[in-house]
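Here is what each chain is made of, one letter per residue.
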Amino acid sequence: AKEGSNLCGMAAFITWVEDIKDENNPGQNEDSNDNQINSRNALTDWNDLSSQCDKVINGGLSGGKSMTYPKRVELACNLETARYLPLCVLGRLKHGYHFTLKSVVKDTAVTFVTEKVGGTHVSADQPFAAQGDWLQLLIQSSDLENFYSKVSCLDGDNINLPFKLHFPRFTITVVQDVEQLKS
């Protein structure tokens, strides 16, 4: 299916960190340890990814982790994972549904949503919401075409990795070696 999918999530080589920029030194990054907790949570249960996605969208994971709202985030994934992002837009986000990439390298997940997805913890003012290692990332419907255009460029055969996609409040770095995602 070129124009749609009922696939709400998939296993992926992906990770994310909060991007904290020092406003006095814009080139300096510091990683936040808040979203790199190694505690076991619902992300370790592969048997029911769909209901896990719905549970987070409709109210979060259990375990007492509070919701945080990063100002900027950096995502990293391998090329195979990045090539599913156009499907994420065409098959899910354009139709008002979420799409979750659950990491196979660590207990991390990223759920892409638009403002049309109900029960999220994100807004135009707070486009990222994190509960432990699970990130909700808002892409405004008005920005979907731009996002789609940028991620579609990864379909070619001659991609020099690492490759970085820049968006107003987040970046996606596509790496060759999945070992880079484990750190």
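You'll find the structure just up there.
Below, the structure is looked at part by part. These numbers were taken from a predicted model, which means no experiment stands behind them.

1. Considerations on the sheet that holds strand β6 (residues 99-103)
Overall, mixed pairing links the six strands, which are arranged β1-β6-β7-β9-β8-β4 in an open sheet. Among the strands making up the open sheet, the edge pair consists of β1 (9-12) and β4 (67-68). Relative to strand β9 (residues 134-138), strand β7 (residues 109-113) is paired through five bridges, and the arrangement is parallel. Note that in β9 the partner of A109 across the bridge is W134.

2. Notes on the environment of T111
On the secondary structure map, T111 appears in strand β7. In sequence terms T111 and A129 are 18 residues apart; their C-alpha atoms lie 9.8 Å from each other. Polar side-chain contacts of T111 include one of 2.6 Å to the side chain of W134.

3. Points about the pairing of β7
Burial runs high along β7: five of the five residues are buried. Covered by surrounding structure in β7 are A109, T111 and V113 together with V110 and F112, the residues of both alternating faces. Pairing between β6 and β7: four bridges, direction antiparallel. Within the sheet, the bridge partner assigned to K102 lies in β7 and is A109. Connecting β6 to the antiparallel partner β7 that follows it, the hairpin turn spans five residues.

4. Thoughts on the pattern of salt bridges
This model, assessed by the stated rule, comprises two salt bridges. D19 is the salt-bridge partner of R72, the closest N and O atoms lying 3.4 Å from each other. Of the two residues, R72 sits in the loop between β4 and β5 (73-78) while D19 sits in strand β2 (residues 14-22), which places them 53 residues apart along the sequence. The salt bridge partner of E145 is K94, with a shortest N-O separation of 3.4 Å. Remark: K94 occurs in the loop between α3 (85-92) and β6 and E145 occurs in helix α4 (residues 144-152); sequence separation between them is 51 residues. On the basis of relative accessibility, which here comes to 39%, the residue K94 falls in the partly exposed class.

5. Description of the nonpolar core
Among the nonpolar cores identified, the biggest contains 32 residues, and L75, F112, L135, L137, F147, F170 and I172 are the most heavily contacted of them. Residues in contact with L135, not counting those within four places in the same chain, are W16, V73, L75, A109, V110, T111, F128, A129 and A130. Formed by five residues, the second largest nonpolar core is a distinct cluster that contains V113, V117, V122 and A129.

Reading the values: rules and limits
Residues numbered from 1 in each chain as written. Predicted model: local features only at pLDDT ≥ 70, side-chain atom pairs only at ≥ 80, totals over all residues. Heavy atoms only, no water. Pairing = 2+ DSSP bridges. Helix = DSSP H or I, 4+ residues; strand = E, 2+ residues; numbered from the N terminus. Polar contact = N/O pair within 3.5 Å; in protein donor to acceptor, adjacent residues only side chain to side chain. Buried < 20%, exposed > 50% of the residue type's maximum accessible area, 1.4 Å probe, protein only. Salt bridge = Lys/Arg side-chain N within 4 Å of Asp/Glu carboxyl O. Core = buried A, V, L, I, M, F, W, Y, C linked by side-chain atoms within 4.5 Å. Contact = heavy atoms within 4.5 Å.

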